Protein chains: 2
Amino acid sequence: MQNHDDKQLQLSSKEALHLAKWDEVRLEELLASMHGSELGELLLACHKDSERQTLINHIPDELLGDALLELPEGMQEDLLAEFRADEVEDMVEHLDSDDAADILQAVDKEIADEVMDRLEPSERRELEPLMGHDEESAGGLMQAELFKVRDDWPVEKVLQVLRRFGKEIENLNYVYVVDDDDLLVGVLSLHALLFSEPEVIVHDLAQSDFPRALAGQDQEEVARIFDKYDVLALPVVDERGELVGRITADDVIDVIQEEATEDMYRLAALSDEDDLAEAVGVTARRRGIWLAVNLMTAIAASIVISQFEATIAQVVALAVLMPIVASMGGIAGTQTLTVIVRGIALGRVTFSNARRTLIKEVSVGMVSGVTFALVIGTIASLWFPELGIRLGWIIAAAMLINLFAAALAGAMIPLTLQRLKIDPALASGTILTTVTDVVGFFSFLGLATMFLI
Amino acid sequence: MQNHDDKQLQLSSKEALHLAKWDEVRLEELLASMHGSELGELLLACHKDSERQTLINHIPDELLGDALLELPEGMQEDLLAEFRADEVEDMVEHLDSDDAADILQAVDKEIADEVMDRLEPSERRELEPLMGHDEESAGGLMQAELFKVRDDWPVEKVLQVLRRFGKEIENLNYVYVVDDDDLLVGVLSLHALLFSEPEVIVHDLAQSDFPRALAGQDQEEVARIFDKYDVLALPVVDERGELVGRITADDVIDVIQEEATEDMYRLAALSDEDDLAEAVGVTARRRGIWLAVNLMTAIAASIVISQFEATIAQVVALAVLMPIVASMGGIAGTQTLTVIVRGIALGRVTFSNARRTLIKEVSVGMVSGVTFALVIGTIASLWFPELGIRLGWIIAAAMLINLFAAALAGAMIPLTLQRLKIDPALASGTILTTVTDVVGFFSFLGLATMFLI
């Protein structure tokens, strides 16, 4: 499932490190011919940071920044820690303002300040407004490179100015129209501009209802705006409505991948920093925290079981069957949990329809509860005929109770976390399985104690 | 966590349906003022298809297609089944070719053919090459609207032609340069064009190494190319290298969301058609299939336990502790599984580094195995002093074995499925927990039988 275009990436990390020893000239011309993201993959493929440092010394300044930005944050910061201010500066000068800001926020404060002082005033003025925004907000994503014009200009003048100053702006698709207070009036697509009469005033051409992002808005919401309106770039305004930057669709693609990974990881009791390229020790520590949490919840379930030791001693069949009730609850609950966590992330589960979603999930839980109660009841009675049909009724009831609890918990946990402004994916899975284990064991063994012996 | 821009969506489905009864004129002017995706949300918010039909009858043709394309496939097809060919035609005429093709592939074959016959030859010629591609391939994503020019044209001529014919092409950012066999020579950004001298030949301006997608390439790979090269649109070529279409970043954003949802759902034993808006019965049936699979695997685990009934009858403490071993294995395995499934989806786990990934995950498994073996061993010995330290050693060994098995299975299952060209996320979770349950119960109860009694 490798990219077809990976064929372009001929150079393996082994070969690169070998060349670093024997033919630096060749290595540097190879590296110079590669794309930033390919260099990123190359660095990622190295086994040690020391190896990465070796290659970094041969990557040309104009590609280095893009390469480093491809790396997971932890690794990025470790490598950047080795850089001198002038090296960071050389790198930053070749980056778009949004990427430059990311690098400057990844290096030590002192280095960053030193770099800012060294930069030309024009570049500094461009970067300053981008710094200090939450990295996961629209402000943190936006870049300063954009083309804005006064709303009282004619198309002709816009094109002149565009020809003069627009050149170094990448992916220039839209012209942003502002009034004399710099407030965003509307957006004008580059080709709409091309097809307009020279004397028309842009104010009349600009699309005033074009979607916009607020600098403080969460990146997940920004992604939803792109998803919803199918635009290629979004203007970013401050609370006053002043145009402060723009976000392009390619940056949002990264955000969406990031957010999806984050949710998947959290649902699986993983830290979102968990990374394939990390050392075994680091990964083991990260995951250990969550395993420890799970150990405690598993022990909680065992304590429930221990309350019924006497019952189990009399009817060992209970020990054989009890994991089935717990396991079914766990799966059914995870199904509900996942649908709702994803629904929240995609903006499909909102405050307005939360109640309806809850009702639906619980109804589904009841339907499968009844179904699988009958199935497992029958199986149990046939499996342990000596205990008669009564065992069947008991496990059926326990299954029904647990699948109901599973649906309720699977829906309530993420909805509650969201209302508490906590990431609905965070720890949801662990809380859920605790509920389904405890309820499963307690209902099954409890009913057995009452009615079987 | 609602979009800020949801404020724009004033009209609730209730209100809309009420207006449909009492003030159709008002309803229609409200609907006409909304965005396609907002209309989609409105339809989604209805409780029954009959209600959706009512609103659809008031949505203007030029918005209807966009609205329907926002709906989950199942619902989309149910609603489209009610359309006459002429209605489909009115809708299709207002859509971009890629969306039009999606609609035509969602309606019955006969209707689609009838619509194709009714369309103007020019539109039909545009649509035909888009049909019949796998929906999840580059060919299925691409649109025919693009601006291509001969490589021997001067900039001046390109701009003239662009002004004449480019007008109706949305998001026109790149000009595609082809030779006289229509083979893609290179790509030229619209603003690079603006900043070039009128007499320059575009062949010399075009970026020949611009990334491209193959019509047959999977949409997940297409998404990775966008992710990797940060482009806003990608040319699509056939195996001959002939330019057949283009894909814009906004379409890819949808794809990425789709793929992420699919993987999350499959990891959680959900059908990827599972949808919030579905009727309870439908959802219960979809999920029931996976619950049934899980029931069988849970029973398999119970059969393992039943082999040790005699042991449990003597030492009930084993029944109390055994779920801990199984549960820890399940969580640890899921951690590994998720990291690898996601790594494959993002193109970070490939054939070339699969072995290294496997080794790392197993090492992590060993580290946490040893750690939690010691922890649980101590806890068990303290919890059941009457059974002495021996119980501690037994559960410690079982924990070690199961966390090792969990890492091995968590890594091997997706890597094997991928090699077999099966979606690595599919059923992985169920297989994994079967392994961890069986190994967990068997090792713990087996060791107890051998050494405890």
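Residues numbered from 1 in each chain as written. Chains lettered and ligands numbered in written order. Predicted model: local features only at pLDDT ≥ 70, side-chain atom pairs only at ≥ 80, totals over all residues. Heavy atoms only, no water.

Per an unreviewed UniProt entry, chain A goes by the name Magnesium transporter MgtE and belongs to Mariprofundus micogutta. Under Subunit (unreviewed entry), UniProt gives the following word-for-word description of chain A: "Homodimer." In its Sequence similarities (unreviewed entry) section, UniProt records this for chain A: "Belongs to the SLC41A transporter family." (UniProt positions renumbered as here; feature names shortened; annotations may be inferred.)

This part is about the UniProt feature "domain: CBS" (unreviewed entry) in chain A. When the UniProt feature table is mapped onto this chain, "domain: CBS" (unreviewed entry) is found at residues 142-205 and 206-262 of chain A. Structurally, residues 206-262 of chain A is divided into 44% helix and 23% strand, and its ends, taken at the C-alpha atoms, are 38 Å apart. (Helix = DSSP H or I, 4+ residues; strand = E, 2+ residues; numbered from the N terminus.)

Right, let's get into the interface of chain A and chain B. The partner chain B presents 124 residues to the 125 residues of chain A that form the contact. In total, about 11500 Å² of surface goes out of reach between chain A and chain B, with carbon and sulfur atoms giving 64% of it. Counting across the chain A and chain B interface gives six salt bridges. With a shortest N-O distance of 3.6 Å, Lys228(B) and Glu41(A) are connected by a salt bridge. Inspection of the region where chain A meets chain B yields 31 residue pairs in polar contact (both at pLDDT 80 or more). Sorting elements by how many residues they give to the side of chain A that touches chain B places helix 19 (residues 317-345) of chain A first, with 19 residues. A class-by-class count of the residues in the side of chain A that touches chain B yields 68 nonpolar, 31 polar and 26 charged. (Contact = heavy atoms within 4.5 Å. Buried area = accessible area lost by both parts, 1.4 Å probe. Salt bridge = Lys/Arg side-chain N within 4 Å of Asp/Glu carboxyl O. Polar contact = N/O pair within 3.5 Å; in protein donor to acceptor, adjacent residues only side chain to side chain. Nonpolar A, V, L, I, M, F, W, Y, C, P; charged D, E, K, R; others polar.)

Counting 147 residues, the largest nonpolar core has Leu68(A) and Leu68(B) as its most contacted members. When neighbours within four sequence positions are excluded, Leu68(B) is seen to be in contact with Leu43(B), Ile56(B), Gln76(B), Leu79(B), Leu80(B), Phe83(B) and Met91(B). (Core = buried A, V, L, I, M, F, W, Y, C linked by side-chain atoms within 4.5 Å. Buried < 20%, exposed > 50% of the residue type's maximum accessible area, 1.4 Å probe, protein only.)

Bringing the packing of aromatic side chains into the picture now. Residue and element names in this part refer to chain A. A complete count under the given rule lists six aromatic pairs over all chains for this structure. Aromatic pair phenylalanine 308 and phenylalanine 442: ring centres 5.9 Å apart, planes at 65°, arrangement edge-to-face. Highlighted residues: phenylalanine 308 in the loop between helix 17 (280-306) and helix 18 (309-314) and phenylalanine 442 in helix 22 (residues 428-451), separated in sequence by 134 residues. Using a relative accessible area of 51% as the deciding quantity, one classes phenylalanine 442 as exposed. (Phe/Tyr/Trp six-rings, centres within 6.5 Å; stacked < 30°, edge-to-face > 60°.)

A few words now on the side chain of Thr430(B). Relative to the helices and strands, Thr430(B) resides in helix 22 (residues 428-451). A residue is classified by how much of its surface remains accessible, and Thr430(B), at 8% relative accessible area, is buried.

Bringing the relation of the copies chain A and chain B into the picture now. Rotating chain A by 180° and translating it 0.0 Å along the rotation axis places it on chain B, where the RMSD comes to 0.1 Å. Between the two chains, the operation in question is that of a two-fold axis. Interface overlap between copies is the fraction of interface residues in one copy that are interface residues in the other; for chain A against chain B it reaches 99%, indicating a shared surface. (Least-squares fit on C-alpha atoms with pLDDT ≥ 70 in both.)

Let us now look at a negative patch on the surface. All names here are of chain A. A surface patch of negative charge is lined by Glu73, Glu77, Asp78, Glu82, Asp134, Glu135, Glu136 and Glu258. Mapped onto the fold, glutamate 82 is located in the loop between helix 6 (73-80) and helix 7 (85-93). With relative accessibility at 54%, the residue glutamate 82 sits in the exposed group. (Patch = residues over 30% accessible without salt bridge, like charges linked within 9 Å, V, L, I, M, F, W, Y side chains within 5 Å. Areas by Shrake-Rupley, 256 points an atom, 1.4 Å probe, with all protein chains shown as cover. Lys, Arg positive; Asp, Glu negative; His and termini not counted. Charge placed at Lys NZ, Arg CZ, Asp CG, Glu CD.)

What follows is about the sheet that holds strand 1 (residues 148-150) of chain A. Residue and element names in this part refer to chain A. With mixed pairing, three strands are arranged side by side in an open sheet as 1-2-3. Strand pairing shows two members of the sheet lacking a second neighbour, strand 1 and strand 3 (184-189), which therefore form its edges. Geometrically, the sheet is characterised by an average inter-axis angle of 30° between neighbouring strands, direction not taken into account. Inspection of the sheet shows strand 2 (residues 174-178) paired to strand 3 by five bridges, in the antiparallel sense. When the bridges of strand 3 are listed, valine 178 appears paired with leucine 184. (Pairing = 2+ DSSP bridges. Axes fitted to C-alpha atoms, helices over the stretch in contact; angles between N-to-C directions.)

The domains assigned to chain A are domain 1 (4-135), domain 2 (148-248) and domain 3 (280-451). On a C-alpha basis, the centres of domain 1 of chain A and domain 2 of chain A stand 31 Å from each other. (Domains from an automatic or database assignment.)

This part covers the side chain of Thr311(B). Residue and element names in this part refer to chain B. The residue threonine 311 is located in helix 18 (residues 309-314) in this model. Threonine 311 gets classed as buried once you look at its relative accessible area, which sits at 3%. Those residues in contact with threonine 311, other than ones at most four positions away along the chain, are Leu318, Ala448, Thr449 and Ile453.

Residue and element names in this part refer to chain B. Running from N to C, helix 19 (residues 317-345) and helix 21 (residues 388-419) point in directions that differ by 25°, and their axes come no closer than 8 Å. When the axes of helix 19 and helix 21 are compared, the pair comes out roughly parallel. In this structure, the crossing between helix 19 and helix 21 has a hand that is right-handed. (Parallel < 35°, antiparallel > 145°, perpendicular 65-115°, else oblique. Left-handed = near helix turned anticlockwise from the far one by under 90°.)

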